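Listed here are the chains, written in short residue letters.
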Amino acid sequence: MTSEQNEPLLSDSIKKRCIISLDNTIEVCIGDFGWSQFVQVILVSLAWVFDAQQSFISVFTDALPTRHCTTNNNNNSSSCQMDKNICDLPTYTSIVSDWSLECSSSVITGLPASSFFIGCLVGGFVLCTLADSSFGRKNMLVISCLIMSITGCVTAISTNIWMYSVLRFICGFGRASIGTCSLVLSTELVGRKWRGQVGIISFVCFTFGFISLPWIAYLNKGNSWRVLYLWTCFPAVLYSIIVYFFVHESPRWLYLRGHKEEFVQTLKRIANPATRGELSSSFFQALFIDLEKNMSVSASRDLDLYSAVRLLIEKGWALRRLMTVVLIGFGVGMVYYGMPLGVGDLGFDIYLSITLNAISELPSSLIAFFLIGKMNRKGSLLGFSLLSGICSVGCALVEGSDGFKWFQMGLEMVSFFSACTAFNVLLIYTLELFPTCVRNCAVSMVRQSLVVGGALSPLLVALGRNNSLFSYGVFGVCSAIFGLFTVWLPETKGRLLCDTMDEEEHMLEQAQVVDLK
């Protein structure tokens, strides 16, 4: 604790410090991490569990049964031969067998999964700015969870592949902003000391959601694929209701939107019991006066529905930062999503390979959780991006050497582990690079760049089946080259969060003056 924090609670010196900025005020009121904040953070972060389950549920519901097509030369008709091992399971365990799509083209069988990710991309761009403008972080999280979960429940009554694909698109559309709203809201409910750790909790929840899905699917083995949707989506509906009634809105967003009383009440509920009695509207009067002074015509314009996107484009420094983190996210996304898809081409048992990749994601989150408070954002992101890229290229270069198969697998795991860690650091770094008024929008765009990188990876995996340089080689080069762009970003570790574009510009000007000296 600093000497200022050791002073009597809310003393005159601290009150003077509070009126300087919103960030300092929040640090004094909720800088310590108490039980109230812990409960809030856990409730908000649990959204990532349901997000992960819907992201990967098609692995089980859309599974291709082990059947093959044969052609009758006499009448040129096709028929499907079924492997005897699949006879142990009813036909309704997968949409493919349930709707007799075994001999359909890969375009048809892959349509639902493609529709889901297209929905994620569309939803990400349409919904990304709403949490910064009129809806807020909490309401947008609830709305997104409800769209995803209710659509998932309705998906269970789909009658054909077309209806199913449309519902998967809507599910992806709603799901697009869940992770972003959850991450931003949870980090804005705590002080800067705990910001990094709280962000990593979200990623740990995503990993647990991913790991829990195979267990749920195994328990559902032999039952209809429709039941799996109900098992994963109905709890998400209940979760949305709990969040609506028990989670607080971001105090930063409430302040910028002029909701003074809600802002005060939220801080009082989150603050330590010893502090709550001294918090009142009069205590924040100077802060509110400062807010009213800044709410000019131009400031009011910044609260329009899609003003966040406009602000990111109009401000040169913001656009440069956004393009940089988006490119880095694209490179990281190619490795993060591409590695598990291409690991089957390395000559190892596919189940063992996927299991090793899934297991390596958990320690990457745990390591980031314990080290994020000490990690330099800029250096960490650069280092993990380069390590991921180098190991991915190395994985392609040792292809074909039987004596190096385990070494190749080791390189693949190190590359995937580094990509997972870079993924975690990048999202924490992004929310610290941008002020409150555009933060959710910026983080959402970075997540979209990760998805775009992942969407291109299946094509590269297909091209690299005969030569890994077209898959792992390209993954590694993109990760390393785009990771180098990190050198143009400012360091944000331990820095106060800004709330408006003017505050960020002022801080940028101060940093430039220091550099000149």
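This report concerns the structure included in the present document. Keep in mind that this is a model prediction, so the values were computed, not measured.

### Describing the packing of helix 12 (residues 195-219) against helix 23 (residues 405-433)
- Helix 23 packs onto helix 12 with a crossing angle of 130° between their chain directions and a minimal axis gap of 10 Å. With respect to helix 23, the element helix 12 is oriented oblique. Crossing geometry of helix 12 relative to helix 23 is assigned as right-handed. Contacts between helix 12 and helix 23 pair Arg195, Gly196, Gly199, Ile200 and Phe203 from the former with Asn424, Leu427, Ile428, Leu431 and Glu432 from the latter.

### Regarding the nonpolar core
- One finds Leu141, Leu183, Leu427, Phe434 and Val438 to be the most contacted residues of the largest nonpolar core, which totals 103 residues.
- Tallying contributions element by element places helix 23 first for this core, with 13 residues.
- Every residue in contact with phenylalanine 434, bar those within four places of it in the chain, is listed here: Leu312, Ala318, Arg321, Leu322, Val325, Arg439 and Ala442.
- Ranked by size, the runner-up nonpolar core spans 17 residues in total, among them Val96, Ile161, Ile216 and Val237.

### Here we look at helix 23
- The end-to-end C-alpha separation of helix 23 is 41 Å, in line with the 42 Å expected for 29 residues at 1.5 Å each.
- Counting buried residues along helix 23, 22 of its 29 residues qualify, which places the element largely inside the surrounding structure.

### Remarks on a nonpolar patch on the surface
- Taken together, Phe234, Leu238, Ile241, Ile242, Tyr244, Phe245 and Phe246 make up a surface patch of nonpolar side chains, about 750 Å² in accessible area.
- Relative to the helices and strands, phenylalanine 246 resides in helix 13 (residues 225-246).

### A look at the packing of aromatic side chains
- Taken as a whole and judged by the stated rule, the model has 19 aromatic pairs.
- Arranged with centres 5.8 Å apart and planes meeting at 70°, the rings of tryptophan 99 and tyrosine 164 form a pair that is edge-to-face. Remark: tyrosine 164 occurs in helix 10 (residues 161-175) and tryptophan 99 occurs in the loop between helix 6 (95-98) and helix 7 (106-109); sequence separation between them is 65 residues.
- Measuring from centroid to centroid gives 5.5 Å for tyrosine 255 and phenylalanine 263, while their planes differ by 50°, and the two rings are tilted.
- Tyrosine 255 gets classed as buried once you look at its relative accessible area, which sits at 6%.
- Assessed through its relative accessible area of 0%, phenylalanine 263 is described here as buried.
- Here the aromatic residues Trp48, Phe203, Phe206, Tyr336, Phe416 and Phe423 are joined through ring pairs into a cluster of three or more.
- In this arrangement the basic side chain of lysine 138 is found over the ring face of tyrosine 244, its NZ or CZ atom lying 5.3 Å from the centre.

### Let's talk about the pattern of salt bridges
- This model, assessed by the stated rule, comprises 13 salt bridges.
- A salt bridge links arginine 195 to glutamate 432; its shortest N-O distance comes to 3.2 Å. Highlighted residues: arginine 195 in helix 12 and glutamate 432 in helix 23, separated in sequence by 237 residues. An identical accessibility class is assigned to arginine 195 and glutamate 432; each is buried.

Scoring rules and cut-offs
- Residues numbered from 1 in each chain as written.
- Predicted model: local features only at pLDDT ≥ 70, side-chain atom pairs only at ≥ 80, totals over all residues.
- Heavy atoms only, no water.
- Axes fitted to C-alpha atoms, helices over the stretch in contact; angles between N-to-C directions.
- Helix = DSSP H or I, 4+ residues; strand = E, 2+ residues; numbered from the N terminus.
- Parallel < 35°, antiparallel > 145°, perpendicular 65-115°, else oblique.
- Left-handed = near helix turned anticlockwise from the far one by under 90°.
- Contact = heavy atoms within 4.5 Å.
- Core = buried A, V, L, I, M, F, W, Y, C linked by side-chain atoms within 4.5 Å.
- Buried < 20%, exposed > 50% of the residue type's maximum accessible area, 1.4 Å probe, protein only.
- Expected span 1.5 Å × (residues − 1).
- Patch = residues over 30% accessible without salt bridge, like charges linked within 9 Å, V, L, I, M, F, W, Y side chains within 5 Å.
- Areas by Shrake-Rupley, 256 points an atom, 1.4 Å probe, with all protein chains shown as cover.
- Salt bridge = Lys/Arg side-chain N within 4 Å of Asp/Glu carboxyl O.
- Phe/Tyr/Trp six-rings, centres within 6.5 Å; stacked < 30°, edge-to-face > 60°.
- Lys NZ or Arg CZ within 6 Å of the ring centre and 35° of its normal.

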